[in-house]
Amino acid sequence: MTLSIKIGNYIKLSAVIILSAIGVNPLFSQNSAYQELSRQDSAEVLRLEVLYKTAEIKGFAAEAAEQLNSIAQIYWNHNQNEKAVSYYLKSLTLNEKLRNENGISMINNNLGLLYTDVGKYNEALSCFQKTLNYRKTFRGKSDGLSSTYLNIAMVYINLGNYEEAAKQLEESLKYARENNDTERMRSCFGTLSEVYEKAGFPDKAAANFKLYKEYNDLLNKKTEEKFEAADLRATKAENERLRNSIELLKKQNELRDSLKLSTGENKTLFDNLTDAEKKAEYYKKDAQVKQLENEKKLESRKKLITFILTAVAFLVILIIILLRYNRQKAEANRKLEYKNVEILQQREEILQQRDNLEDAFGRIAKQNEDLVVANTEIAKKNHNITESINYALLIQKAVLTKATKLNSIFPDSFILYKPRDIVSGDFYWHTRIDDKILVAAVDCTGHGVPGAFLSMAGNELLNRIVDVNKITDPDKIIHEMDKGIREILHQDISDNDDGMDLSMVYFDLKIKKMYFSGAVNPIFIIENDEVAIIPGNKYSVGGLIFEKVSKKFETTEISYTDDTIIYMFSDGFQDQLNPENGRFSVHAFKNLLFSIHKEPFEKQKELLNEAHLKWQNGGKQTDDILVMGLKTRINF
């Protein structure tokens, strides 16, 4: 009896740690708290939903199933188990259609764990059994069988069926032995010991506990040996560092002692010098000491001067601030006095007309109350709309390519990206595949939220065309973009005429050639102090076609050097209006780029932004703005 109590206590303390380490929850806790999704996780779920819908529309079942699995995992991590189950079931349906046995096995295993978490043990056993049946068909992968039997055993323990749990544990132990998995063998022995104790078999419990203890000691010993080896290496390194530090300290002391001879010692040394060489050596050392002293005095004097100048500058700044504050305060007082006079005059007029306006005042007061209520409601709706758009911005930022990645490919580059509203219909895109680089600047129809939705669809299409379909020719990519946008927006059967203009450059680093193709939009190339405009094709991507014509997108081959500069852009900058409704124009935009092209690229970005703000002159921004500049000196 004493032995069984010791076994029980020991197993209860260690079984949770051991089973958790091999990826199995020994208790399948049902008390995990429901957690709300963070804003970042909610944005990620929305992004994955968009990717799932796009894959579903395109007929990519495997891609759609992968997105569903990712969504289910997010909900599972937040203990929203019902939602996790629903998404796994959708993914399971797709995997069954694809006959993906590995995916079916994995999803059934996850469903088994989820059902166990919520106490649905019969459903859990059904899912684990399906996983087991599939894994038995996998050749040379018996490690998966061991973990599945162990999961089934834990369900039977929760049901109190210790006899069946013991059978499943014995099967798990068999496959663990085949794979020489000592950690899982330790876990099986420990759990068998606890099961036999609860079932009333103390002898079997003691025997399995003994085996558990032996494997536990063996694994602990291996862990201790690893830590001891690491400690020994760290100790040797620290000793070496200390020896180097001591040697350096000795040399520093010797040098300091040689420079700190007392006056009496210097005199004795001088008296004992008998030849010109030793005296010259003494004067040399003495000069070095005096030079060090002079340098210290000069350094102290510089610090004092710096401190005085800093203090004077601070006082001057403080005086300027105080003078400006006094001027502002005097101006504010003057305006306040003027306002007070106006208020007094208005009050006299109101008092004179009070008798005649009492009824009207009552009506005005009522109208004001109604107006306050209406304004409050409008402000609330505006706040909600702004919050939604800000949330859409998080999603757009999560989907679009990071600007910093362009600098890792083209060290001399910039991106001026200025949405007219919170989110943008313009977007930039780039990717690198071995010795091939693709860069695009895209201008979608509209701006704000509609433009942002179209930009996200365009970004996803580009990723799929290049990364999945492996198409790298610019004209073919634009042709596929045209087909994709028309399919997504059902433009063959609707009146929707949305689309996008873009410019795309493909760099082949092996032969040092670049290939350009554009949908309406051109690019500017500056080389040898000359500007060349390379026009795009006349067709946009997507949109209605009023004639029965076949769109044709052509590619232009261009040679380049490390000093070639390329500018890609939407039409937002050149279409900006000033307060007199004058457009900035393409000609002025080209001249501006040429005038700044020799500046560093970050400076070019600043100058472009300053020129835009100056032309805008406090007016409203007309359109989304995107300008990309890069020099073709590429990081390999």
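One can find the structure itself at the top, above this paragraph.
Just so you know, these numbers come straight off a predicted model, no measurement behind them.

**Re the sheet that holds strand 10 (residues 565-569)**
Phase 1: Spatially, five strands are ordered 1-11-10-6-7 in an open sheet, and the strand pairing comes out antiparallel. The two strands at the open ends of the sheet, each matched to only one other strand, are strand 1 (413-418) and strand 7 (530-534). Strand-to-strand twist across the sheet, computed as the mean angle between neighbouring axes with direction ignored, equals 15°.
Phase 2: With five bridges connecting them, strand 10 and strand 11 (residues 625-631) associate as antiparallel partners. Within strand 11, the residue paired with isoleucine 565 across the bridge is lysine 631.

**Remarks on the packing of aromatic side chains**
Phase 1: Scanning all chains against the criterion turns up 17 aromatic pairs.
Phase 2: A centroid spacing of 4.8 Å and a plane angle of 55° characterise the contact between phenylalanine 524 and phenylalanine 569, whose relative ring orientation is tilted. Taken together, the residues span a long stretch of sequence, with phenylalanine 524 in strand 6 (residues 523-527) and phenylalanine 569 in strand 10 at a distance of 45 residues.
Phase 3: Residue phenylalanine 524 is classed as buried on the basis of its relative accessible area, which comes to 2%.
Phase 4: Relative accessible area serves as the criterion here: at 3%, phenylalanine 569 is assigned to the buried category.
Phase 5: Above the plane of the ring of tyrosine 87 lies lysine 90, whose end atom (NZ or CZ) is 5.1 Å from the centre.
Phase 6: We note lysine 204 situated over the ring of phenylalanine 201; from NZ or CZ to the ring centre the distance is 5.5 Å.

**Some remarks on helix 15 (residues 448-468)**
Phase 1: With 21 residues, helix 15 should cover 30 Å at 1.5 Å per step; its first-to-last C-alpha distance of 29 Å lies within 8% of that length.
Phase 2: Looking one or two residues beyond helix 15, the residue adopting positive phi is lysine 470, at roughly 60°.

**Concerning unusual backbone geometry**
Phase 1: The backbone of histidine 490 sits at a positive phi, close to 50°, despite the residue not being glycine.
Phase 2: Tracing the backbone shows histidine 490 in the loop between helix 16 (474-488) and strand 4 (499-508).
Phase 3: A positive phi is found at aspartate 529, a non-glycine position, where the angle reads about 60°.
Phase 4: Residue class for aspartate 529 comes out partly exposed when judged on its relative accessible area of 42%.

**Looking at a nonpolar patch on the surface**
Phase 1: A surface patch of nonpolar side chains, amounting to about 570 Å² of accessible area, comprises Leu304, Phe307, Ile308, Val312, Val316 and Ile320.
Phase 2: Inspection of the secondary structure puts isoleucine 308 in helix 12 (residues 276-352).

**A look at the nonpolar core**
Phase 1: Tyr75, Tyr88 and Leu111 are the most contacted members of the largest nonpolar core, which totals 56 residues.
Phase 2: Looking at this core element by element, the count peaks at nine residues for helix 7 (residues 143-159).

**Considering helix 2 (residues 39-58)**
Phase 1: Spanning 20 residues, helix 2 covers 29 Å between terminal C-alpha atoms, matching the ideal 28 Å at 1.5 Å per step.
Phase 2: Taken together, the buried positions of helix 2 are Ala43, Val45, Leu48, Leu51, Tyr52, Thr54 and Ala55.

**What about the side chain of glutamine 604?**
Phase 1: Take glutamine 604: it is sitting in helix 18 (residues 601-616).
Phase 2: Those residues within four positions of glutamine 604 in sequence are excluded, and the remaining contacts are Phe414, Tyr567, Ile596, His597 and Glu599.

**Looking at the environment of glutamate 49**
Phase 1: With respect to the element layout, glutamate 49 can be found in helix 2.
Phase 2: Separated by 22 residues in the primary sequence, glutamate 49 and isoleucine 71 have C-alpha atoms spaced 7.9 Å apart.
Phase 3: Residues within four places of glutamate 49 in sequence aside, it is in contact with Ile71 and Tyr87.

**A closer look at the pattern of salt bridges**
Phase 1: Here the structure, examined in full by the defined rule, presents 18 salt bridges.
Phase 2: Here lysine 198 and glutamate 194 are joined by a salt bridge, their closest N and O atoms 3.5 Å apart. Of the two residues, lysine 198 and glutamate 194 are both situated in helix 9 (residues 182-199); the distance of four residues between them amounts to about one turn of the helix.
Phase 3: On the basis of relative accessible area, lysine 198 is assigned to the partly exposed category, the value being 45%.
Phase 4: Across the salt bridge formed by aspartate 435 and lysine 510, the nearest N and O atoms sit 3.7 Å from each other.

About the cut-offs
- Residues numbered from 1 in each chain as written.
- Predicted model: local features only at pLDDT ≥ 70, side-chain atom pairs only at ≥ 80, totals over all residues.
- Heavy atoms only, no water.
- Pairing = 2+ DSSP bridges.
- Helix = DSSP H or I, 4+ residues; strand = E, 2+ residues; numbered from the N terminus.
- Axes fitted to C-alpha atoms, helices over the stretch in contact; angles between N-to-C directions.
- Phe/Tyr/Trp six-rings, centres within 6.5 Å; stacked < 30°, edge-to-face > 60°.
- Buried < 20%, exposed > 50% of the residue type's maximum accessible area, 1.4 Å probe, protein only.
- Lys NZ or Arg CZ within 6 Å of the ring centre and 35° of its normal.
- Expected span 1.5 Å × (residues − 1).
- Patch = residues over 30% accessible without salt bridge, like charges linked within 9 Å, V, L, I, M, F, W, Y side chains within 5 Å.
- Areas by Shrake-Rupley, 256 points an atom, 1.4 Å probe, with all protein chains shown as cover.
- Salt bridge = Lys/Arg side-chain N within 4 Å of Asp/Glu carboxyl O.
- Core = buried A, V, L, I, M, F, W, Y, C linked by side-chain atoms within 4.5 Å.
- Contact = heavy atoms within 4.5 Å.

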